[in-house]
Amino acid sequence: MNNFIEQNTSLEKCPALVLNADYRPLSYYPLSLWSWQDTVKSVFLDRVIIVSNYDRIIRSPSFNMQLPSVIALKDYIVPQTRPSFTRFNVFLRDKFSCQYCRSGEELTFDHLLPRSKGGETNWDNVVTACSACNVKKGGKLLKNSDMKLNQYPYRPSTEDLHKNGKNFPPNYLHKSWMDYLYWDVELEA
Ligand SMILES: [Zn+2]
């Protein structure tokens, strides 16, 4: 698939939203996106149905093809039920706000039980914190820190994140994806 001539460099920024065979996103968190190369390959292998296209043509010596923006798998895959433990998802669970002071600035992570005291890096021990609160709490236990925690960390369900996700969508969403994402927002409007 290396013989395609790109019309311009932003082709790398044209991923396809991947839907399951039931036309729901294969995954929300992270959002199931494939690079244009993987997308084109899957079309040629006849593994997907093209649902929507970008206004972009990719060209090779032998053919032209509109670049898919939404594809659906032909074979249903049982979706993962739990969101991955990622930076974005922790921030999303905590609504992109420091769990000590509610600030949304300079966000990082704090280990509720400090790592120096055996605290692990997982859903149950990591909270969103601003840099200032992160430094202030340092290696202290919460009860010795003179700080208040807004919400104890927990492992969220996809639905938990989806509720928050409406307010904090990923940086890039193509308009053709909107029919398959956040559809309940449309209904509320
Ligand atoms: Zn803070």
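Everything below is about the structure shown above.
All figures in this text were calculated on a predicted structure; none of them were measured in a lab.

*Asks:* When you look at the overall build of the chain in this model, what are you seeing that I'm missing?
*Replies:* A tally of helices and strands in the chain yields five helices and six strands. For the chain, the succession of helices and strands along the chain, N to C, is β-β-α-β-β-α-β-β-α-α-α. Burial analysis of the chain (189 residues in total) assigns 22% to the buried set. Put simply, of all contacts in the chain between residues at least 6 apart along the chain, 62% involve residues at least 24 apart.

*Asks:* Looking at this model, I keep getting lost on the pairing of strand β4 (residues 64–73). Mind explaining?
*Replies:* Moving residue by residue along a regular strand, the side chains alternate between the two faces of the sheet. One ladder, built from three bridges, connects strand β1 (residues 16–19) with β4; its direction is parallel. Along β4, the bridge assignment pairs Leu-19 with Ala-72. In this sheet, β4 lies alongside strand β3 (residues 48–59) in antiparallel orientation, the contact comprising eight bridges. In the sheet register, Asn-53 faces β4, and the bridge partner there is Pro-68. Where β3 hands over to β4, the hairpin turn is made up of four residues, counted between the paired strands.

*Asks:* Honestly, the nonpolar core in this entry has me stumped. Any pointers?
*Replies:* As a rule of thumb, soluble globular proteins bury nonpolar side chains together. Within the largest apolar cluster, eleven residues are counted, these being Ala-16, Leu-17, Val-18, Leu-19, Leu-26, Val-48, Val-70, Ile-71, Ala-72, Trp-177 and Leu-181. Where this core is concerned, the elements lending two or more residues are β1 and β4. No other element matches the four residues that β1 contributes to this core. Setting aside anything within four residues of it in sequence, one finds Leu-181 in contact with Pro-25 and Leu-173.

*Asks:* Would you take a moment to explain the sheet that holds strand β2 (residues 33–34) for this structure?
*Replies:* Backbone hydrogen bonds are what pair the strands of a sheet, in a parallel or an antiparallel way. Here we have four strands laid out as an open sheet, ordered β2-β1-β4-β3, and mixed in their pairing. The sheet terminates laterally at β2 and β3, the two strands that pair on one side only.

*Asks:* Looking at this structure, I do not really get the environment of Thr-86. What am I missing?
*Replies:* Along the chain, the position of Thr-86 falls in the loop between β4 and α2 (87–93). Taking the C-alpha atoms as reference points, Thr-86 and Tyr-29, 57 residues apart in sequence, are found 8.9 Å from one another.

*Asks:* Would you take a moment to explain the environment of Arg-47 for this structure?
*Replies:* Its location among the elements puts Arg-47 in the loop between α1 (36–44) and β3. The class of Arg-47 is exposed, set by 12 C-beta atoms lying within 10 Å.

*Asks:* I'm lost on the environment of Val-48 in this one. Help?
*Replies:* With respect to the helices and strands, Val-48 occurs in strand β3. Along the backbone, Val-48 and Leu-73 are 25 residues apart, and their C-alpha atoms lie at a distance of 4.4 Å. Here Val-48 is in contact with Ser-42, Val-43, Ile-71, Ala-72, Leu-73 and Lys-74, once residues within four sequence places are set aside.

*Asks:* Looking at this structure, I do not really get unusual backbone geometry. What am I missing?
*Replies:* Most peptide bonds take the trans configuration, and most residues that are not glycine carry a negative phi. Between Tyr-29 and Pro-30 the backbone carries a cis peptide bond, its omega angle lying at 5 degrees. The residue Pro-30 is located in the loop between β1 and β2 in this model. Even without being glycine, Phe-96 reaches a positive phi, approximately 50 degrees. Of note, Phe-96 is situated in the loop between α2 and β5 (107–111). For Phe-96, a count of 15 C-beta atoms within 10 Å corresponds to the partly exposed category. Phi at Glu-106 takes a positive value of approximately 45 degrees, unusual for a residue other than glycine. For Glu-106, the location among the structural elements is in the loop between α2 and β5.

Basis of the calculations
Residues numbered from 1 in each chain as written. Predicted model: local features only at pLDDT ≥ 70, side-chain atom pairs only at ≥ 80, totals over all residues. Helix = DSSP H or I, 4+ residues; strand = E, 2+ residues; numbered from the N terminus. Buried ≥ 20, exposed ≤ 12 C-beta atoms within 10 Å, placed from the backbone. Contact = placed C-beta atoms within 7 Å. Pairing = 2+ DSSP bridges. Core = buried A, V, L, I, M, F, W, Y, C linked by C-beta atoms within 7 Å.

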